[in-house]
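An overview of the molecular structure
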Amino acid sequence: RDSKLTRLLQQALGGRSKTVVIFTLSPSMCSAEESFNTLKYAQEAQAIKNKPVASVRCLSRANSGGEGVGELQAKLAWTKTQLEECAKQLKTKEQELRVEMERNAQLEKENS
C-alpha cells in the first residue's frame, strides 16, 4: 500500500476515475521473476472493482437547491461584463493621467 504505483493510482483505486494500466513483460529468461510479479500485480489490479462515488459537495448543492449551471453561467457573464467596464474605466483614467502629466511637464518647462 506504500508503493509509488499505489500513490499514482490513488484516485482510480478510490473510485473517482477510470484508469487504464498497460503491463509489459519481457521474453528474456533473466527477467522471468519480474515478469511473473508483473503478471501477478496485473491480475490483482484487474480484480479491483470500484463503484464511482459522486462528490458530496455536488450532491449537497443539487439537493439543497444550490446554484445550478445556468445560474453560475449567468454570474460568469455578469462578472465578465463588470470586468470589461472596469477595464474601460481604467483606460479612461490612464488617459486622463497622461494628459495631466503632460500639462504638469509643460507648466514646469514654462516656469523654468
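All values reported here derive from a predicted model rather than from experimental measurement.

**Structural notes on the overall build of the protein**
When its secondary structure is counted, the protein shows 5 helices and 0 strands. Counting helices and strands in the order they occur from the N terminus, the protein gives α-α-α-α-α. Expressed as a percentage of the 112 residues in the protein, the buried residues total 7%. Total accessible area on the protein stands at roughly 10,700 Å², and carbon and sulfur atoms take up 56% of it.

**Observations regarding the pattern of salt bridges**
Scanning the model with the defined rule gives 1 salt bridge in all. Put simply, glutamate 100 and arginine 103 hold a salt bridge, and the shortest N to O gap is 3.6 Å. Of this pair, glutamate 100 and arginine 103 both sit in helix α5 (residues 69-111), 3 residues apart, which is roughly one turn of the helix. You can call glutamate 100 partly exposed: its relative accessible area is 37%.

**Some thoughts on the side chain of threonine 38**
Relative to the helices and strands, threonine 38 is located in helix α3 (residues 32-47). By relative accessible area, threonine 38 is classed as buried at 18%. When sequence neighbours within four positions are dropped, the list of residues in contact with threonine 38 reads Phe23, Thr24 and Leu25.

Rules used throughout
- Chains are numbered independently. Their residues run from 1 in the order of the written sequence.
- Local features in this predicted model are restricted to residues of pLDDT 70 or higher, and side-chain atom pairs are both shown and tallied only at a pLDDT of 80 or more, whereas totals for entire chains, interfaces and linings draw on every residue.
- Only hydrogens and water are set aside when side-chain values are computed; all heavy atoms of the structure are taken into account.
- Working definition: helices are DSSP H or I runs of at least four residues, strands are E runs of at least two. Numbering for both runs from the N terminus.
- Note on exposure labels: buried denotes an accessible area under 20% of the residue type's maximum, exposed denotes more than 50%, and partly exposed covers the range between, all computed with a 1.4 Å probe on protein chains only.
- Accessibility throughout is a Shrake-Rupley quantity obtained with a 1.4 Å probe, and a residue counts as covered only by protein chains that appear here.
- A pairing counts as a salt bridge when a side-chain nitrogen of Lys or Arg comes within 4 Å of a carboxyl oxygen of Asp or Glu.
- Two residues form a contact once any of their heavy atoms are found within 4.5 Å.

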